[in-house]
Amino acid sequence: MSDPTPDVPVRPFSPDGEDYRWTDVDLQIYKDTGDAPFRSITRQTLFRRDDLRGELRYFEIAARGHSTLERHQHSHAVVVLRGDGEVLVGDAVYAIKPFDLVVIPSLTWHQFRAEDGPLGFLCMVDRERDKPQIPGPDEIETLRRTPRVAAFLDATRK
Ligand code: MN
């Protein structure tokens, strides 16, 4: 994987109307294929370099959309930049807003959900990482034993 943002010291933030964009950074639009369900999510890889292990991405989830419910060996550090939403981390649900810091530990179920407007966040991750796991019926059942989590999961399926 090459550096998506080569040797330019500053890439100005360059909003395109309502959309959060950075100069010369590609916008990747995810298509839901059904095997890892999510809704209305885009990604911009802001930073990836051979001399650092980290990768910095900006994700945006449209109003009422959500990310995939998943877990993996690698962890995430997330900082919210725009909008309000909720995040499931393990067996708890938290309200999130701009500048909140969210840490997703290794092998912990997580999912983000946007409220009425777009939810945008920076996500730092290891550039070499394992593939996400998707919960099976038994794991969903275990998660749903916590009523607040069950309500969150129901809300992401509407
Ligand atoms: Mn993840």
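Chemist: Looking at this structure, how should I read the environment of H76?
Modeler: Following the sequence through the fold, H76 ends up in strand β4 (residues 76–82). Each C-alpha atom of the pair H76 and I96 lies 15 Å from the other, and the pair is 20 residues apart in sequence. Within the structure, the side chain of H76 is placed 3.4 Å from the side chain of H110, a separation counted as a polar contact.

Chemist: Please clarify how the packing of aromatic side chains should be interpreted in this entry.
Modeler: Describing an aromatic ring pair means giving the distance of the ring centres and the angle of the ring planes. Per the stated rule, a full pass over the model turns up 6 aromatic pairs. Centroid distance Y20 to Y58: 6.0 Å. Interplanar angle 20 degrees. Geometry classified as stacked. Of this pair, Y20 sits in the segment before β1 (28–29) while Y58 sits in strand β3 (residues 54–66); the two residues are 38 residues apart in sequence, bridging distant segments of the chain. Of the residues examined, Y20 reaches a relative accessible area of 24% and is grouped as partly exposed. Residue Y58 is classed as buried on the basis of its relative accessible area, which comes to 1%. Both rings, one in F112 and one in F121, keep their centres 4.5 Å apart while their planes meet at 20 degrees; by these two values the pair is stacked. Neither F112 nor F121 differs from the other in exposure class; each is buried. Taken together, the aromatic side chains of F13, Y20, W22 and Y58 make up a single cluster linked through ring pairs.

Cut-offs and rules
Residues numbered from 1 in each chain as written. Predicted model: local features only at pLDDT ≥ 70, side-chain atom pairs only at ≥ 80, totals over all residues. Heavy atoms only, no water. Helix = DSSP H or I, 4+ residues; strand = E, 2+ residues; numbered from the N terminus. Polar contact = N/O pair within 3.5 Å; in protein donor to acceptor, adjacent residues only side chain to side chain. Phe/Tyr/Trp six-rings, centres within 6.5 Å; stacked < 30°, edge-to-face > 60°. Buried < 20%, exposed > 50% of the residue type's maximum accessible area, 1.4 Å probe, protein only.

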